[in-house]
Amino acid sequence: MRAAGGAGAAGAAGAGRAGRRLSGGGTTEGGGSELAGRRKGVQITVGDSQTYSKKCDPYEQGGKPLTKEDATKLWNTVPEWKLSDCSTFLERSWDSKSFQSSIDFLQHISTASLNQGHGPKSVKYENMKGMHKTTVVLHTPRLGGLSYADFLLALKIDLMPFRP
């Protein structure tokens, strides 16, 4: 009886957790709830046309990257940038005179990125035999390709008065 009581107590504690009442009137059973996905009585969904908002689709592209045709058209506005064959990356490199000028240039890119709220996928600095090279790659990981924000940032970088 004692062994059964001990197991029963542990079982009752576990059942107490699984069967507790929620403030909304539902109970949790097995970790699920009729209120799962709800917060304060508001249904939270992503991709539902009724709950569409900028938070669900911050790039306003329906959660999809730019098509190859759209990326090619936009690439004409920033021809110095290299568009990848699959149209998912933009890349550009600059040579500079010194390490300090590369760092200053990266600081300007950082400021432009922060102001826009969209940063580069990667920034790389290389020092090869006294030659300083800075490479910027633009890509939107959330979309798995390019967004309008990538092209806007490329244009802002091209229009910067400061060059390495």
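The numbers attached to residues start from 1 for each chain and follow its sequence in the written order. Residues qualify for local features only when their pLDDT is at least 70, as the model is predicted, and side-chain atom pairs are given and counted only at 80 or more; totals for whole chains, interfaces and linings, by contrast, use all residues. With hydrogens and water stripped out, all remaining heavy atoms of the structure feed into the side-chain values.

A. Seen up close, the sheet that holds strand S4 (residues 90–96). Spatial ordering of the open sheet is given by S3-S4-S6-S5, a layout of four strands whose pairing is antiparallel. At either end of the open sheet lies a strand with only one pairing partner, and these are strand S3 (82–83) and strand S5 (122–128). Whether two strands pair comes down to DSSP finding at least two bridges between them. Each helix corresponds to a stretch of at least 4 residues labelled H or I by DSSP, and each strand to a stretch of at least 2 residues labelled E; elements are numbered beginning at the N terminus. For S5 and strand S6 (residues 131–138), the ladder comprises seven bridges, and the chain directions are antiparallel. By the bridge assignment, Glu-126 is partnered in S6 with Lys-133.

B. Layout of the packing of aromatic side chains. Under the pairing criterion, centres of Phe, Tyr and Trp rings, with the six-membered ring standing for Trp, must be within 6.5 Å; the plane angle then separates stacked pairs below 30 degrees from edge-to-face pairs above 60, leaving the rest tilted. Tallying each qualifying case throughout the model produces three aromatic pairs. Between Trp-81 and Trp-94, the aromatic rings sit 5.8 Å apart at their centres with planes inclined by 80 degrees, giving edge-to-face as the arrangement. A residue pair is termed long-range when its members are at least 10 positions apart, and Trp-81 in the loop between helix H2 (68–75) and S3 and Trp-94 in strand S4 qualify at 13 residues. The rule is simple: take the accessible area with a 1.4 Å probe, protein chains only, and divide by the maximum for that residue type; under 20% is buried, over 50% is exposed, in between is partly exposed. A residue is classified by how much of its surface remains accessible, and Trp-81, at 1% relative accessible area, is buried. Of the residues examined, Trp-94 reaches a relative accessible area of 6% and is grouped as buried.

C. Main features of the pattern of salt bridges. The rule for a salt bridge is simple: a side-chain nitrogen of Lys or Arg has to be within 4 Å of a carboxyl oxygen of Asp or Glu. For the structure shown, the criterion picks out one salt bridge. Note that Asp-158 and Arg-92 form a salt bridge whose closest N and O atoms lie 2.4 Å from each other. Of this pair, Asp-158 sits in helix H4 (residues 148–158) while Arg-92 is found in strand S4, placing the two residues 66 residues apart along the sequence. Both residues of the pair, Asp-158 and Arg-92, count as buried.

D. Region of interest: the pairing of S6. Within S6, six of the eight residues are buried, which leaves the element mostly enclosed by the surrounding structure. Here S4 pairs with S6 via seven bridges, running antiparallel. The partner of Ser-93 across the bridge, within S6, is Thr-135. Counting the residues in the hairpin turn of S5 and S6 gives two residues, including Lys-129, whose phi is positive at 55 degrees.

E. Representation of the confidence of the model for the protein chain within the structure. Along the chain, pLDDT gives the predictor's confidence residue by residue, from 0 to 100. In this model, the protein chain carries an average pLDDT of 74, and 64% of its residues clear a pLDDT of 70 or more. Within the protein chain, the element-level pLDDT minimum falls on strand S1 (residues 38–39), averaging 45, and the maximum on S3, averaging 95. Here, residues are in contact when the closest pair of their heavy atoms is within 4.5 Å. In the predicted structure, residues 1–39 sits below a pLDDT of 50 and forms 24 contacts with residues beyond four places in sequence or in another chain. Note that pLDDT drops below 50 for residues 42–55; the model gives that stretch 13 contacts with residues more than four away or on any other chain.

F. Here's a closer look at helix H3 (residues 99–116). Here, expected helix span is obtained from the residue count minus one, scaled by 1.5 Å. The terminal C-alpha atoms of H3, which comprises 18 residues, lie 26 Å apart, in line with the 26 Å expected from a rise of 1.5 Å per residue. Considering only its buried residues, H3 is in contact with S4, S5, S6 and H4. Within two residues after H3, Gly-117 carries a phi angle of roughly 80 degrees, on the positive side.

G. Spotlight on the environment of Lys-121. Mapped onto the elements of the fold, Lys-121 is located in the loop between H3 and S5. A relative accessible area of 45% means that Lys-121 is categorised as partly exposed. It is 7.7 Å that separates the C-alpha atoms of Lys-121 and Pro-141, two residues lying 20 residues apart in sequence. Beyond its immediate chain neighbours, meaning those up to four positions away, Lys-121 contacts Val-137, Leu-138, His-139 and Pro-141.

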